[in-house]
Structure formats: structure tokens, C-alpha cells
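Fold and contact review
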Amino acid sequence: MKSLPFTVIGGYLGAGKTTLLNHLLTNTSGLRVAMLVNDFGSVNIDVDLIRNHEGDTINLANGCMCCSIADNFAMAISRLRDRADDLDHIVIEASGVADPAKIAQYGQMYQLPLDGILVVADAEQVRTQAQNKYVGDTVLRQFAQADLIVLNKTDLASAEDMASLRTWLTEIAPGTPVIESVQSQVPLAVLLGAHEGHAAVNPLSDHLPYHNHSQPQEDHPHGFESWTLERSHPLNRQVLAHFAKALGEDIYRAKGFVCLQDDPDRRYVYQQVGARWSLEPDAAWGDDPRRTRLVIIGRREATNADSLDALLRD
Amino acid sequence: MSSNSSTQPKFDKITVFPARKIITMCDAMPTAQAVAVGNGKIISVGTMDSLKPWLERYPHEIDDRFVDKILMPGLIDPHVHPSLPAVTTQFPFIAPDDWLLPTGKFPGATTPEAYVERLKELYAQHTDWDNIPFICWGFHPLWHGEQYRPQLNELFPDKPVILWHRSFHELICNDEALKWFDLTEEEVKRMPETNWEKGHFWENGAQPLVVKLSPCLFDPKRYGKGVETFFAMAHQGGITSCLDMGIGIFGDAVGEINLIRQIADSVNAPCRVVLTPTTVDFLARGLKSSQALEQVEEWSKTNSRRVMLDRHFKLQVDGAIFGGLSQYGFPGYLDGHAGMWMAPPEVLFEFAETFWKAGYQLHAHINGDLSADLFIDIIRRLQEIKPRFGHRATLEHFAFTHEDQSRQMQELGMLVSANPYYHYILSDIFSNEWLGSDRGAQMVRLGSLERLGIPFALHSDCPMAPLSPLTLAWTAVNRVTINGNLNSPEERISLHQALRAITIDAAWILRKENEIGSIRAGKMADFAVLEADPYEVGAEGLKDIPIWGVVFEGEVHPVHGRTDTIKSFID
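Computed from a predicted model, the values in this text were never measured in an experiment. (Residues numbered from 1 in each chain as written. Chains lettered and ligands numbered in written order. Predicted model: local features only at pLDDT ≥ 70, side-chain atom pairs only at ≥ 80, totals over all residues.)

Section: the domain arrangement of chain B
All names here are of chain B.
- Taken as a whole, chain B is organised into domain 1 (83-217) and domain 2 (238-516).
- Domain 1 and domain 2 are separated by 29 Å when their C-alpha centres are compared.
- Between domain 1 and domain 2, the contact holds 11 residues from the first and 9 residues from the second.
- The biggest single contributor to the side of domain 1 that touches domain 2 is helix H2 (residues 83-88), with 4 residues. (Domains from an automatic or database assignment. Contact = placed C-beta atoms within 7 Å. Helix = DSSP H or I, 4+ residues; strand = E, 2+ residues; numbered from the N terminus.)

Topic: the sheet that holds strand E6 (residues 75-80) of chain B
All names here are of chain B.
- Ordered in space as E6-E14-E15-E16, the 4 strands form an open sheet in which the pairing is parallel. The sheet is open, and its two edges are formed by E6 and strand E16 (307-309), each paired on a single side. Averaged over all adjacent pairs, the angle separating strand axes in this sheet is 20 degrees, with direction ignored.
- Here 4 bridges tie E6 to strand E14 (residues 239-244), and the two strands are oriented parallel to one another. Note on E14: the bridge partner recorded for Val 80 is Asp 244.
- In the packing of helix H10 (residues 253-266) onto the sheet, contacts are made with strand E15 (272-275) and E16, and the angle to E16 comes to roughly 145 degrees. (Pairing = 2+ DSSP bridges. Axes fitted to C-alpha atoms, helices over the stretch in contact; angles between N-to-C directions.)

What about the domain arrangement of chain A?
Residues and elements named next belong to chain A.
- Taken domain by domain, chain A holds domain 1 (6-192) and domain 2 (215-311).
- Each side of the interface is counted separately: domain 1 has 14 residues, and domain 2 has 16 residues.
- When residues of the side of domain 1 that touches domain 2 are traced back to their parent elements, those giving at least two are strand E7 (114-122), strand E9 (178-180) and helix H7 (188-192).
- Each residue belonging to the side of domain 1 that touches domain 2 can be placed in one class, and the counts come to 7 nonpolar, 4 polar and 3 charged. (Nonpolar A, V, L, I, M, F, W, Y, C, P; charged D, E, K, R; others polar.)

Some thoughts on the sheet that holds strand E13 (residues 200-202) of chain B
Residue and element names in this part refer to chain B.
- Here we have 5 strands laid out as an open sheet, ordered E9-E10-E11-E13-E12, and mixed in their pairing. Each edge of the open sheet is held by one strand with a lone partner, namely strand E9 (134-139) and strand E12 (194-195).
- Two strands pair when backbone bridges link them, and strand E10 (residues 161-165) and strand E11 (residues 170-173) are joined in this way by 3 bridges, in the antiparallel orientation. Among the inter-strand pairings, Ile 162 is bridged to a residue of E11, identified as Cys 173.

Below, the structure is given as C-alpha cells:
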């Protein structure tokens with residue numbers, strides 16, 4: 001099966017996962033996403049966007065599809081196999097009481113590369129939920145497993161509550177970036193690493209509008225920014241390892257192609273979501289210029305191109 | 001006295017069954033020697049002499065087949081899943097414990113040598129190689145030793161062989177079986193919960209294998225035969241009524257109801273099955289509780305003599321006990337792992353509230369004390385929202401709870417349907433691995449219920465335990481584990497209480513105490529026919545009492561007469 005990256009969306013009941021997924025399905029900017037959900041009934045897609053129903057699958061006009069996991073993950077994945085060539089990304093909804101890390105393991109069973117684990121939380125309810133006698137452990141475990149936390153419904157919390165929430169989250173999930181949202185509106189670039197206006201982040205493309213400077217997204221209230229770093233000489237692995245650890249909680253994602261000193265003829269893909277990062281061998285450079293180019297997405301005004309550049313030091 | 005024929009009851013035929021002893025389970029008349037039956041019901045109970053007022057008035061016949069036998073009320077198993085044995089009995093069994101099935105006699109093997117010898121014999125009998133590998137259910141390494149891929153390869157180099165673990169959740173394959181599943185070393189090594197060297201797949205690791213086996217397991221002919229086997233097993237166990245606890249768990253509730261009904265009638269099964277819908281099905285289909293209620297009311301419209309719905313509803317609360325997924329309160333599991341909720345408490349409450357308000361009897365799958373707390377909390381809240389007398393909310397399985405919870409349940413009018421076999425099989429392992437010896441020893445604390453006077457029943461949840469209420473009674477009364485340890489003797493129950501738990505108190509949990517569960521005038525003529533008297537035989541001999549057969553609504557059904565339906569599955 002084609003190697004499709006998958007993202008797990010977890011979080012307790014009522015956090016806004018379903019709203020997020022509904023929003024995502026209809027705003028993928030050309031990215032073809034297969035979504036596996038637990039509760040088919042709550043997926044709320046505009047009838048005009050539906051191309052057809054095929055048993056447990058809804059096919060959308062935008063090339064996306066939505067499948068019900070029901071009880072059987074294995075069957076849901078096997079249905080995707082046949083469609084793999086027509087898809088770019090898989091999103092799997094973890095149930096409210098599940099460990100998203102376990103769901104990630106299921107995906108890895110099928111040799112699908114894990115993009116990241118996102119956990120959505122209700123800013124108003126989450127502290128109470130974390131202390132609940134029955135589900136407190138579950139909620140805390142979900143945070144511990146998250147690569148990114150989406151703190152949703154921030155419009156329902158006061159400024160003081162938000163401050164104390166952020167402090168609390170740094171205690172229970174140290175090092176994990178937290179993105180604030182209202183009504184589960186999270187930019188696609190943050191959710192799946194794709195940039196709005198493009199099917200996927202392609203750091204080799206010369207058509208990117210943000211060549212070597214930052215690009216703030218004005219239309220998002222809790223906006224994000226993206227920065228690009230480039231190097232024309234090969235890097236050694238320790239440099240990247242240091243960079244990954246140094247990025248910090250304000251950086252949500254980083255992705256790009258890397259030229260390594262110890263294997264200069266082969267292009268490597270660097271991918272980071274929160275604190276989770278990987279460096280995987282890709283195709284040979286061939287005639288393409290051997291240049292490292294990374295796109296970094298993080299909280300608006302959290303940093304600048306020069307500071308980031310300094311982190312990628314030899 | 002003149003007879004007024006317009007007020008006399010009409011009977012098609014009165015049959016009198018004299019017996020060595022009739023155990024009525026009625027406190028007012030605990031034993032009798034004869035019972036008169038007509039129109040499928042009990043007309044009168046007493047002695048041949050005391051029945052004279054009836055026998056002098058009405059033509060009758062004496063059926064003396066039971067003259068030297070013991071009659072009890074038809075036994076009741078209040079927690080079964082016809083589909084589970086329908087799947088497992090498609091294969092031969094070699095477990096640590098004995099299994100005497102309609103498909104064959106499968107004595108337990110408690111040493112590796114015995115296991116291997118038996119395995120070779122059964123392997124030689126498999127012929128359906130075109131459709132399915134040789135599969136054998138019941139393996140457990142604690143008794144059977146290391147029987148993994150290397151050992152299986154040596155014993156069976158040419159054909160696919162799969163061992164299905166006693167817990168139901170693990171599979172072991174030889175090389176030929178791995179080929180049959182199309183699994184390569186590389187793939188297996190990337191899967192969690194697998195071990196390539198041992199050919200061992202457990203929990204999620206086993207899932208892809210089960211998916212591959214499913215078309216065969218659920219092939220209508222094989223599966224249909226499996227349901228027949230379920231009824232034959234119930235018959236063997238002396239069971240005339242049972243309460244299913246989860247239709248639709250394999251995805252097709254209506255299909256399942258129809259199949260069970262069709263087979264029950266076609267084999268003239270001497271047993272009725274009450275079916276219980278469950279949250280698992282509706283949540284898998286993404287339905288709200290109000291929609292679930294609508295569907296359940298619809299399904300109830302086609303109730304028939306043997307197969308019916310009767311306003312029961314089940315909440316699946318925590319995870320499987322064998323898989324260590326029950327929810328325990330502090331200090332939790334010894335090894336620190338977490339249990340699992342099958343649904344968020346809010347969702348469970350929503351379903352509970354909908355069905356409670358509609359007057360249903362709630363049941364909840366509860367294996368850990370934290371889950372018990374949750375169910376107790378739910379019932380408390382529901383009583384504040386809409387107080388109900390006689391709600392009979394039942395805690396199912398009862399693997400581990402605290403004494404204090406027994407008292408809380410009494411306060412709330414809750415009942416228990418327990419699986420005492422969990423204590424038998426798991427108490428020692430749980431003491432060492434998961435709960436510690438204090439909690440492990442006190443699993444399934446039936447003694448506390450008896451002391452408090454809380455009605456409770458015993459169930460098998462077959463194949464978690466054999467479909468044999470007398471065996472369940474034996475485990476509850478003796479409380480000796482499979483390894484011979486007597487754990488927490490204070491939680492043993494009396495013989496009489498155990499017999500109540502498989503008859504009249506089980507009927508109470510089915511809400512059918514007006515019709516079944518004891519032998520008195522007016523109830524269904526459902527009897528279990530035993531070759532020995534449980535009170536005479538005593539605690540230790542209970543599970544070995546041979547069952548001659550049953551009487552179901554006045555019809556006699558000997559076990560050994562059923563050769564037409566007891567066909568061997570071993571090809």
C-alpha cells in the first residue's frame with residue numbers, strides 16, 4: 001500500500017474533535033484526505049459536497065473520503081488500500097476514551113508513517129475533566145501522548161483562566177506546543193502540515209510566496225506564521241538533532257528536504273510535529289540542487305527568521 | 001358438588017411425572033414427589049396421593065421415566081452470547097479445563113505432554129484443509145507449556161496450524177499458517193503486540209488475523225451449525241431459559257435475532273432465549289440513545305415462543321477481563337497499566353437514562369471496582385431523576401468489587417449476575433500479576449451478597465465458562481481455584497443459595513419469576529432432570545451430576561435422544 005502519512009486526532013468527549021474533522025473535510029485546499037471516524041452519524045457534510053455513498057464510506061467531490069471505523073479498524077484500513085493512490089493523507093479520529101497512542105500503533109501496524117498525534121481539549125471543561133474520578137487518568141494520558149494540543153473553545157474561558165490553563169498544560173505536558181482555537185478552527189498547515197493554497201508543503205517549489213521570510217496569516221485570530229530556512233551546504237545529523245530540540249513550544253511543525261554530509265547523494269525528508277521529529281531517506285537528488293530547505297510553522301510573532309536560522313547552526 | 005363446566009380450566013392432556021425427589025425451590029414446599037403438568041404449565045405439585053383431587057377429575061397419563069431421578073426447575077443462565085460458542089465450537093478444544101460439548105468430548109490437558117499428544121490426534125482428524133487451517137481452541141501456556149511457532153513447525157511442518165488461546169484474545173501460528181495469512185517477517189515485526197519468533201499474536205496484533213478468518217467463521221452454514229451447537233450445549237447443561245447479553249456485537253442485530261429464532265424453532269430447542277440489545281451495537285452504528293430505543297421497540301414486535309426481547313438493555317462499561325482492561329480504583333494494576341472505558345461515562349449515562357425512563361431493566365458489564373462505582377453512581381442519579389421501585393438494575397460479571405459496594409447496591413435495590421468461573425480461573429493469576437493477593441483472592445465476592453440478602457444469579461458468558469449452571473454452582477460453593485487454592489473462603493456461598501442462583505433468583509433477574517425458576521402451580525413446566533440429588537451429593541460433587549435431559553413447557557427432551565442435531569464439527 002502506498003505510504004500515506006496519518007494523523008491521529010484525540011481528545012475527550014465534547015472537546016470539539018467532530019467539529020474539527022467536519023471543518024477539515026471541507027477545507028483541504030486540494031489535499032486528498034481520508035478520514036476514519038468513530039461516529040459516522042455526527043459527520044455533518046454539506047449535501048452538495050457529497051459525490052456518493054459507498055456502504056460505510058462517503059466520497060466527497062473534493063477528492064476526500066470519510067469512513068466509519070465502527071468497531072473494526074482493520075477493515076476500515078483495508079478499504080483504504082484500494083484507494084491509496086488517490087489519497088494524500090489519512091486522519092484517524094480516536095474515540096473520547098481511547099489512548100491516541102494506541103490508535104497510532106494500529107496505523108503503524110499497516111506500515112503507515114505517523115505524522116502526529118493531535119489532542120483537542122475544551123478550555124472550559126478540561127481542568128474539571130482531568131480531576132474526574134473516572135476519566136481523569138484517561139484525559140491526562142491523552143495529553144501526555146499528544147504531539148500538539150489544540151486548546152479549543154477559548155472564547156468560553158476568561159483571560160485569567162487561559163493563563164492558568166497554559167501554566168497547567170506546561171506542567172502536565174512539558175514541551176508540547178499548545179494551539180488555541182475557537183470553534184475548532186485550526187489552520188490546515190498546523191493540522192496536517194499542508195499550507196493553505198497548496199496541496200502540500202513542497203519545499204522544493206520555487207513558487208512558494210514566502211521565500212526566506214515570514215508569512216503571517218492575518219485571517220486567523222490565533223494565527224500562525226511560517227518561516228523558511230535554507231542551507232546550500234550539506235549538514236550533519238547532530239545539527240538537525242540540536243535544531244529539533246531547540247525549536248521549543250511555540251513551533252508546531254517543521255518539514256523539508258535535507259542534504260546530509262554523510263549521504264550527500266540522497267535527499268532526506270525532515271518532519272517535525274511538536275517534539276516528535278524524524279529524518280527519513282528519500283529519493284536520490286538526481287539533477288535537483290542539493291539544498292536543505294525547511295518550512296517552519298509556529299505561533300505568530302513567537303520568533304523570527306533570524307532566530308530560527310541561528311538554531312540551525314553547524 | 002356439581003361441576004360447572006363453563007368455569008373449569010381446560011387441559012389438552014394432563015401428564016403426571018413422579019420422581020424420586022422434586023426440588024421445587026419454593027420455601028413453602030421445598031420438596032415433592034410428583035408434579036402434574038398440562039398445557040405446558042404446572043397444574044399441581046405434591047405426591048401421587050396429594051394430587052388425587054386433580055387426577056380423579058381429569059384424564060391423565062403417568063410418565064414414569066423420572067421415577068428414580070431428581071427434578072429441579074429448568075436451569076437458567078442469565079448471561080450468554082449464542083454467537084460466541086457458535087464461533088468457538090466450530091473447532092476442537094484442548095483447554096486446561098474439561099469441555100464436554102455436543103461436538104465432542106474434550107477432556108482438559110494440564111501438562112505439555114498431554115496437550116501435544118491430544119493436539120496431534122485432533123490434527124489428524126481435520127479434513128477441511130481447502131477452507132480453513134487446523135484450529136484448536138483453549139491453549140494456555142501456564143499448563144500447556146511452550147507451544148509456539150518453533151514447536152508447531154516441528155510437529156506440523158506441512159499444514160497450517162493455529163492455536164486459539166483460552167482467553168480468546170491470542171493466536172499462535174506455525175509457518176504454514178503464517179503463509180495462509182500472507183504474513184511476512186517484515187510485516188509482523190512492524191506490528192505491535194506480535195512476536196515473530198513465536199508466531200504469537202495478541203489483542204490488536206491478532207485483529208488482522210481474525211479479519212481474515214471471519215468469512216469462514218461467519219459463513220452462514222458453519223455459523224448456523226454453531227448456533228445449533230449452542231442450543232445443544234444449553235440442553236446438555238439442563239438450561240431451559242437464558243438471557244443473551246448483547247445482540248448485534250458482530251454488526252447485524254436483526255440478522256442475528258432472525259437466525260437464532262429460525263434455528264431455535266427448526267431444532268425444536270428445549271430452551272427460550274431472551275435477547276438484550278447493548279450500547280456496543282448502537283455506538284458502532286453512530287446512533288443516539290433515542291434512536292436505539294426506537295429500534296429496540298421495533299425488534300420487540302416479532303417476539304416468538306422461544307426467542308424474544310423483554311425490556312432489558314445492557315451498558316458495556318469497562319474492557320475485557322482476560323485482557324486486563326477492567327477498571328480498578330486505587331491502587332489499580334500492579335504493573336501500572338491502565339484499564340479501558342468502552343464509552344465515555346457521559347455517553348453511558350445518556351443511554352442509561354433513556355432506557356431507565358422507558359422502564360427498561362439496565363444491565364452493566366462491570367469487572368472492576370471503579371466501574372462498579374460508576375454504575376452505582378449512575379443508578380443513584382437516575383433514582384433522583386425518576387425514582388423507580390423494582391428497577392432491578394443488574395451488575396454483570398462482578399469480577400472484583402469491594403464489600404462496601406455490596407452494601408451500596410443493596411441500598412439502591414441493585415442485583416448481581418456473577419461469573420464465579422472468573423474466580424476459579426483467574427484468582428491466582430490476578431493475585432500475582434494484576435491485583436495483589438488480597439484483592440485477587442476476593443474476586444466474585446458472592447458471600448457478601450448472601451450475607452446482605454441481595455438476590456444474585458450465576459452465569460457462564462460461555463465460552464468464558466462452560467454452559468453448565470451446576471458447574472458454576474460448584475465453583476461458587478467450593479471456591480477452589482483451578483490450581484487447587486481456596487481463596488477467601490468467607491466469600492463462599494451455601495449450596496442452597498447456589499441452587500437458587502441458577503433457578504429462582506436467576507428468574508428474578510430475567511423478570512420472569514412469575515413463569516419460571518421454581519416448581520409450583522401456574523409456572524411453565526420447565527424441569528432439569530438430574531441423575532443425583534445435589535443436596536445429597538454435596539458441594540464437591542455438584543459439577544459431576546449427570547443431566548438426563550430437560551422438560552420444556554411440558555415436553556420431554558432427553559439429552560441423548562438428540563443425535564440428529566449433535567453432529568461432530570471435527571469434520
